[in-house]
Amino acid sequence: MKKEAHDETGAISIQVIERMVSLLDALAMYPDPVSLKELSAATKLHPSTAHRILNDLVVKRFVDRSEPGTYRLGMRLLELGNIVKSRLSVREAALDFMRALHRKTHQTINLSVRQSDEIVYIDRSFSERSGMQVVRAIGGRAPLHLTSTGKLFLSIDDPKAVRSYATRTGLAGHNKNSITDLSKLERELSMVRALGYARDNEELELGVRCMAAGIRDDSGKLVAGLSISAPADRLQEDWVEDLVSTASQISSALGYRQDRS
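Computed from a predicted model, the values in this text were never measured in an experiment.

Explain the pairing of strand β8 (residues 208-216) here, please?
Two faces make up the sheet, and in a regular strand the side chains alternate between them. Of all nine residues in β8, seven are buried; the element is thus mostly enclosed. Pairing analysis gives four bridges linking strand β7 (residues 198-201) to β8, with the strands arranged antiparallel. Residue pairing across strands places Asp200 opposite Cys210, the latter belonging to β8. Adjacent in sequence and paired antiparallel, β7 and β8 are bridged by six residues, among which Glu202 carries a positive phi angle near 60°. Linkage of β8 to strand β9 (residues 222-231), two consecutive antiparallel strands, is achieved through a turn of five residues, within which Gly220 is found at a positive phi near 90°.

Sorry, what's going on with the pattern of salt bridges here?
Once the charged atoms of two side chains with opposite charge are near each other, the side chains can pair. One pass over the structure, following the stated rule, counts twelve salt bridges. For Asp242, the salt bridge is made with Lys104, and the minimal N-O distance between the two is 3.1 Å. A residue pair is termed long-range when its members are at least 10 positions apart, and Asp242 in helix α9 (residues 239-253) and Lys104 in helix α5 (residues 90-105) qualify at 138 residues. The exposure class of Lys104 is exposed, given its relative accessible area of 56%. In this structure, Arg141 and Glu118 form a salt bridge, with 3.3 Å as the shortest nitrogen-oxygen distance. Here the residue Arg141 occupies a position in strand β6 (residues 141-143), and Glu118 occupies one in strand β5 (residues 118-125), the gap between them amounting to 23 residues. Assessed through its relative accessible area of 30%, Glu118 is described here as partly exposed. Through salt bridges that share partners, Arg61, Arg76 and Glu79 make up one connected network.

Sorry, what's going on with the pairing of strand β2 (residues 63-67) here?
With three bridges connecting them, β2 and strand β3 (residues 70-73) associate as antiparallel partners. Bridge pairing in β3 places Val63 opposite Leu73. Linkage of β2 to β3, two consecutive antiparallel strands, is achieved through a turn of two residues, within which Gly69 is found at a positive phi near 90°.

When you look at the environment of Arg257 in this model, what are you seeing that I'm missing?
You can see Arg257 is positioned in the segment after α9. A polar atom in the side chain of Arg257 sits 3.3 Å from the backbone oxygen of Ser252.

Help me understand the packing of aromatic side chains, please; the structure alone is not making it clear to me.
Within a pair of aromatic rings, the relevant descriptors are the distance that separates the centres and the angle that separates the planes. Under the defined criterion, the tally for this structure stands at zero aromatic pairs. Against the face of Tyr121 rests Arg124, its NZ or CZ located 5.1 Å from the ring centre.

Help me understand the environment of Ser248 in this model?
When you line up the elements, Ser248 lands in helix α9. On the basis of relative accessibility, which here comes to 38%, the residue Ser248 falls in the partly exposed class. Sequence separation between Ser248 and Arg216 is 32 residues, and the spatial gap between their C-alpha atoms is 8.1 Å.

Looking at this structure, how should I read the nonpolar core?
Nonpolar side chains in soluble globular proteins generally cluster together in the buried interior. Ranked by size, the top nonpolar core spans 24 residues in total, and within it Leu111, Met211, Ile215, Leu226, Ile228 and Leu243 carry the most contacts. Looking at this core, the elements with two or more residues in it are α5, β4 (108-115), β8, β9 and α9. If we ignore the near neighbours within four places in the chain, the residues touching Leu111 are Val90, Arg91, Ala94, Met98, Val120, Tyr121, Ile122, Asp123, Ile215, Ala224 and Gly225.

Definitions and cut-offs
- Residues numbered from 1 in each chain as written.
- Predicted model: local features only at pLDDT ≥ 70, side-chain atom pairs only at ≥ 80, totals over all residues.
- Heavy atoms only, no water.
- Buried < 20%, exposed > 50% of the residue type's maximum accessible area, 1.4 Å probe, protein only.
- Helix = DSSP H or I, 4+ residues; strand = E, 2+ residues; numbered from the N terminus.
- Pairing = 2+ DSSP bridges.
- Salt bridge = Lys/Arg side-chain N within 4 Å of Asp/Glu carboxyl O.
- Polar contact = N/O pair within 3.5 Å; in protein donor to acceptor, adjacent residues only side chain to side chain.
- Phe/Tyr/Trp six-rings, centres within 6.5 Å; stacked < 30°, edge-to-face > 60°.
- Lys NZ or Arg CZ within 6 Å of the ring centre and 35° of its normal.
- Core = buried A, V, L, I, M, F, W, Y, C linked by side-chain atoms within 4.5 Å.
- Contact = heavy atoms within 4.5 Å.

Written as structure tokens, this is what we have:
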């Protein structure tokens with residue numbers, strides 16, 4: 001009998017949680033305060049049940065009662081959301097996706113962020129079997145205009161900012177393939193914007209080609225680049241789709257929703 005009573009209590013608790021979540025989901029659908037009658041209809045809860053749960057949510061600040069009989073989502077949800085956001089790490093969100101992409105391509109997968117006029121490699125998935133020596137370790141840096149991820153970041157800068165970058169850096173090159181001319185860089189960035197991804201055709205290191213797609217956070221801000229590096233003769237064009245899809249999945253894990261951008 002005790003076990004049955006325990007099971008019954010647990011079932012009731014779960015039912016209350018389900019009803020609470022259904023009310024929060026219903027409130028999220030409305031931009032303006034919602035009446036008890038509308039919430040009851042949307043959740044198929046009896047008005048007295050909905051009213052009782054809403055009152056508890058108001059006490060805990062998950063719901064605000066804007067005026068008698070109408071409700072909206074409360075500030076406590078925003079506070080908790082900000083805590084979750086502050087704890088989200090691009091690296092943590094990306095790691096499993098990077099490993100999956102590495103298993104599919106068998107090539108080096110890089111995660112990079114922008115710091116001033118350079119990109120910084122913050123993580124990497126690779127194996128010795130890729131046939132390519134990893135020159136830049138995690139924490140290594142490279143100029144924006146010589147890397148696929150760097151071009152992603154430059155492509156969202158306005159023309160004046162790109163010219164300022166060119167002036168500051170002198171667009172120094174590493175080899176014969178490096179882009180060292182501003183007009184050529186501007187054409188390259190225009191192509192990046194049109195395609196939605198970027199390339200490095202042996203511009204940073206001879207014998208190595210890369211392609212990169214952007215990762216965005218919940219506000220739509222470009223926060224990192226995901227890239228595939230491979231020996232120049234081994235980079236496959238059909239990897240672009242997998243790369244873009246993987247970057248999109250990481251963005252979703254960070255809260256990005258394309259329909260809100």
